[in-house]
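# Overview (structure and organization)
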Amino acid sequence: MTEHTPPQGEATLRTEAMPADVNVNGDIFGGWVLAQMDIASGIVAATRAKGRVTTVAVDAMKFIRPVGVGDVLCIWAQVDRVGSSSMAIGIEAWVVRHRTGVNEKVTEAVFTYVAINEAGKPRPVSPQ
């Protein structure tokens, strides 16, 4: 079964799931997928904030389907909300299945970031 709606946001990261990243069931660790999503959302947040950001929350994490060895994980990200110093980044993780080429949505979440200055203190994010 494939997802009928296209991914939301911009294609931000692509990487291949490798054997070193599997759990005892032979599926890719959810933590590995989460880390890839954090990298991709951090890219989008830092670009929007025009500087340093830090992850402060992961909300609404939903694992839909497992990721297998050889699948190409594709992370799509978009800015959902901008506050005075924070941003909510919507993430969708899709895979291109190894051997079949089928595209499937596997995970989604909302990552919250705060823009910080060099001292690590919150700083304003200018409206765009």
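Higher on the page you've got the structure.
What you see is a predicted model; the values in this text were computed from it and never measured. (Residues numbered from 1 in each chain as written. Predicted model: local features only at pLDDT ≥ 70, side-chain atom pairs only at ≥ 80, totals over all residues. Heavy atoms only, no water.)

## Digging into the overall build of the chain
Rule in force here: Strands here are runs of E lasting at least two residues and helices are runs of H or I lasting at least four, both read from the DSSP assignment and numbered beginning at the N terminus. C-alpha atoms define the radius of gyration in this analysis, and the globule rule sets the expected value at 2.2 Å times the number of residues to the power 0.38. Only protein chains enter the calculation, and the probe is 1.4 Å; a residue is then buried if its accessible area is under 20% of its type maximum, exposed if over 50%, and partly exposed in between. Contact between two residues is taken to exist if any of their heavy atoms lie within 4.5 Å; hydrogens are not considered. Each accessible area value is a Shrake-Rupley result obtained with a 1.4 Å probe; residue values ignore everything except the protein chains displayed when judging cover. Two residue types count as positive, namely Lys and Arg, and two as negative, namely Asp and Glu; His and chain ends fall outside the count. Charge coordinates come from a single atom per side chain, which is NZ of Lys, CZ of Arg, CG of Asp or CD of Glu.
On a plain count of helices and strands, the chain comes out with 1 helix and 5 strands. Reading the chain from its N terminus to its C terminus gives the helix and strand order β-α-β-β-β-β. The C-alpha radius of gyration computed for the chain amounts to 15 Å, which stays within 12% of the reference 14 Å derived for 128 residues, consistent with globular compactness. Projected onto its principal axes, the C-alpha coordinates of the chain cover approximately 45 × 30 × 20 Å. Within the chain, the proportion of its 128 residues that are buried is 40%. In the chain, of all internal contacts separated by at least 6 residues, the share reaching a separation of at least 24 is 69%. As presented, the chain carries roughly 6900 Å² of accessible surface, and 56% of it is formed by carbon and sulfur atoms. Of the side-chain charges in the chain, 12 are positive and 13 negative, and the distance between the mean point of each set is 7 Å.

## Some words on the environment of glutamate 16
Residue placement: glutamate 16 occurs in strand β1 (residues 10-16). Glutamate 16 sits in the partly exposed class, given a relative accessible area of 40%. A C-alpha to C-alpha distance of 9.5 Å links glutamate 16 and glycine 68, two positions 52 residues apart in sequence.

## Here we look at the nonpolar core
Condition: For the purposes of this section, nonpolar cores are sets of buried Ala, Val, Leu, Ile, Met, Phe, Trp, Tyr and Cys residues that join through side-chain atoms within 4.5 Å.
In this structure, Met37, Val67, Leu73, Met87 and Ile89 are the most contacted members of the largest nonpolar core, which totals 25 residues. Put simply, the parts of the chain that give this core at least two residues each are α1 (30-49), β3 (72-82), β4 (86-96) and β5 (103-115). The element contributing the most residues to this core is α1, with 7 residues. Apart from the residues within four sequence positions on either side, leucine 73 is in contact with Leu13, Arg14, Thr15, Trp32, Val33, Gln36, Val67, Ala93, Trp94, Val95 and Val106.

## Points about α1
Helical periodicity: at 3.6 residues per turn, an α-helix aligns residues three or four positions apart in one direction. The test is simple: Helix span is expected to be 1.5 Å times the residue number reduced by one.
In this model α1 runs 28 Å from its N-terminal to its C-terminal C-alpha over 20 residues, within 8% of the 28 Å that 1.5 Å per residue would give. Within α1, burial applies to Trp32, Val33, Gln36, Met37, Ala40, Ser41, Gly42, Val44, Ala45, Arg48 and Ala49. In the core, the buried residues of α1 are packed alongside β1, β2 (53-63), β3, β4 and β5. Count one or two residues on from α1 and you reach lysine 50, which has phi positive near 55 degrees.

## Brief notes about the environment of valine 79
Within the secondary structure, valine 79 is located in strand β3. In this structure, valine 79 is in contact with Val44, Arg48, Ala88 and Ile89, ignoring residues within four places of it in sequence.

## Focus on unusual backbone geometry
Positive phi, close to 55 degrees, is recorded for lysine 50, a residue that is not glycine. Structurally, lysine 50 is set in the loop between α1 and β2. The phi dihedral of alanine 60 falls on the positive side, at around 55 degrees, and the residue is not glycine. Looking at the secondary structure, you find alanine 60 in strand β2.

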